[in-house]
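Notes for the structure review
So you can see what is in the structure, the chains are spelled out below.
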Amino acid sequence: MHHPAPDTVFRPPTRPAWLRAALVALALAPPSAWAEDQAPAAAAQPAQHAAPQGIETHIGLIYRPQPAPSSYDAEAAPEDEGLAGAKMGIADNNTTGRFTKQSYVLDEVALTDDKPDAVAAAKTLIGNGVRYLVLALPADSVLAVADAVKDSGAVILNAGAADDRLRGADCRANVFHILPSRAMLTDALAQYLTVMRWRKLFLIVGPTEADKAYADAMRNSARKFALKITAEKPWTFGPLAKARGDTPTRAEAMVFTRGLDYDMAVVADEEGDWGDYVPYRTVDPRPVGGTQALTPTTWSPVLETWGAAQAQNRFSRLASRLMRPLDYQAWAAVRTVGEAVTAKKTNDPAVITPYLVDPAFTLPAYKGVPLSFRPWDHQLRQAIIVVQPKALVSVAPEQGFLHQRTPLDTLGVDLPETTCKFK
């Protein structure tokens, strides 16, 4: 190994004069000056061990409060119908969110005579940063809102309009349907009638457009499940279910069913004006179903299985009343957002929207099976309960009705029959 000669001495290189001056100035400068120079560089590099930021998701609810009845009505809709269900959904989302650093806020808008415009309400919410809108509104309002906000990326959750056209010719890509379509409801009833072998139907149709739409759905279900409508009549006797006292019209209505051959009378009365008058007043002893009596629905106080009793109790404590179908539908809409945000760890609608129709997405909703969205029309697949006012009678899909994907797709419009072309 080579060693330097004994007389060789190492001398560090001489610093230039300008460098010596800079070092002296830096040594004499106050500490804050150095810190200020370094702050931008430090800020540009994120801390490796910073705590994760929480996600706050705002969910809008647009609904129209039900007016108080002019006289006593035991079945009158509560003013907070739908709103109370959405509030329980927010509470449930936040229960989970405490463990996932997520929080949820409900921004509700009640449409009134002074502020009746659903589109204006939706635009205001979106202007405030809300990207998920739950609508408890009629079909025309759902379409108007969906079209008005389609460029915002907002997700519309339909909790109040059962119209089949929203899942068909008038479907929209930014709308997801939480409640069942009329076709799903009447299919559930038709499946039960098939199981019971009550194949001959007497269809009684009310005067409103909604009544006629329900009747159309029932006719389609009858064809689908090989039932026969042996008689059909319009109801022309007015709102007898809400009348007080006897009238001559009641006597006329009592002979309305005379001379007909049928196993069950199916009433189409979505407003509840007269359907409850028919049971026990038919000339021949026959059961009654449809919109009243034996009813297919999303929710009822008589549902107690699959954890539903606990949900009923929680809702009762929150709202001091029983949960109604619209409450359940608003709850399910809010929970849909919560489940998706929890799974994807983001509330970006660009991520959430495609995930909702991914097979990985499911919603636990007290129906015995997880629920999911149909990709072809954005309808939430779900079991439908068939109830009478005091008891659960059955649950559709009934046993024996099979499908290549899931028995839930035996209810409503299947992929080969859909007319939906998303706009």
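The structure we're discussing is the one just above.
Quick look at the structure, then. (Residues numbered from 1 in each chain as written. Predicted model: local features only at pLDDT ≥ 70, side-chain atom pairs only at ≥ 80, totals over all residues. Heavy atoms only, no water.)

1. Side note on the overall build of the protein chain
For the protein chain, the count of helices and strands is 11 helices and 14 strands. The buried share of the protein chain, reckoned over its 423 residues, is 45%. Within the protein chain, contacts between residues separated by at least 24 positions form 68% of all contacts whose residues are at least 6 apart in sequence. Total accessible area computed for the protein chain in this model is approximately 21,900 Å², and 56% of it derives from carbon and sulfur atoms. (Helix = DSSP H or I, 4+ residues; strand = E, 2+ residues; numbered from the N terminus. Buried < 20%, exposed > 50% of the residue type's maximum accessible area, 1.4 Å probe, protein only. Contact = heavy atoms within 4.5 Å. Areas by Shrake-Rupley, 256 points an atom, 1.4 Å probe, with all protein chains shown as cover.)

2. Notes on unusual backbone geometry
Cis geometry is adopted by the peptide bond preceding P397, which originates at A396 and carries an omega value of 10°. Mapped onto the elements, P397 comes out in the segment after β14 (391–396). Phi at Y280 takes a positive value of approximately 70°, unusual for a residue other than glycine. Mapped onto the secondary structure, Y280 falls in the loop between β8 (264–268) and β9 (288–290). Look at A293: it is not a glycine, yet its phi comes out positive at around 65°. Structurally, the position occupied by A293 is in the loop between β9 and β10 (295–297).

3. Comments concerning the pattern of salt bridges
Under the criterion given, the structure shown has 20 salt bridges. Among the salt bridges present, the one from D327 reaches R321, with a minimum N-O distance of 2.8 Å. For R321, a relative accessible area of 15% gives the class buried. With a closest N to O distance of 2.4 Å, D414 and R405 form a salt bridge. Under the relative-accessibility criterion, D414 is labelled buried at 11%. Members of the salt-bridge network, linked through shared partners, are R374, R381, R405, D409 and D414. (Salt bridge = Lys/Arg side-chain N within 4 Å of Asp/Glu carboxyl O.)

4. Digging into the packing of helix α3 (residues 83–100) against helix α10 (residues 325–344)
At a minimum axis distance of 6 Å, the contact between α3 and α10 shows a crossing angle of 20°. The angle between the axes of α3 and α10 places the two elements in the roughly parallel class. Helix-helix and strand crossings are classified by hand; for α3 and α10 the assignment is right-handed. Touching L83, A84, G85, A86, M88, G89, I90, D92, N93, T96 and T100 of α3 are D327, A330, W331, V334, R335, G338 and T342, all from α10. (Axes fitted to C-alpha atoms, helices over the stretch in contact; angles between N-to-C directions. Parallel < 35°, antiparallel > 145°, perpendicular 65-115°, else oblique. Left-handed = near helix turned anticlockwise from the far one by under 90°.)

5. Re the packing of aromatic side chains
Per the stated rule, a full pass over the model turns up 16 aromatic pairs. Relative to F256, the ring of F202 has its centre 5.9 Å away and its plane inclined at 40°; by these criteria the two rings are tilted. Of this pair, F202 sits in strand β6 (residues 200–205) while F256 sits in the loop between α8 (248–254) and β8, and the two are 54 residues apart along the sequence. F256 shares its class with F202; the two are buried. Three or more aromatic residues link up through ring pairs in this structure, and these residues are F202, W235, F237, F256, Y262, W274 and Y277. One residue, K233, lies across the ring of F256, its end atom 5.1 Å from the ring centre. Note that R286 overlies the ring of Y262, its terminal NZ or CZ placed 6.0 Å from the centroid. (Phe/Tyr/Trp six-rings, centres within 6.5 Å; stacked < 30°, edge-to-face > 60°. Lys NZ or Arg CZ within 6 Å of the ring centre and 35° of its normal.)

6. Brief notes about the nonpolar core
Membership of the largest hydrophobic core comes to 47 residues, with the highest contact counts inside it found for I59, V134, L157 and L356. Looking at this core, the element that brings in the most residues is α10, giving 10 residues. If we skip the residues at most four places from it in the chain, L157 touches L133, V134, L135, F176, I178, A333, T336 and V337. (Core = buried A, V, L, I, M, F, W, Y, C linked by side-chain atoms within 4.5 Å.)

7. Describing the packing of helix α6 (residues 182–196) against helix α7 (residues 209–224)
Orientation of α6 relative to α7, taken along the N-to-C sense of each, is 50°, at an axis distance of 8 Å. The orientation of α6 with respect to α7, classified from their angle, is oblique. The two elements α6 and α7 meet at a crossing, and its hand is right-handed. Across the interface between the two elements, R182, A183, T186, D187, L189 and A190 from α6 touch A210, A213, Y214, A217, M218, S221 and K224 from α7. Residues of the contact of α6 with α7, tallied by class, amount to 8 nonpolar, 2 polar and 3 charged. (Nonpolar A, V, L, I, M, F, W, Y, C, P; charged D, E, K, R; others polar.)

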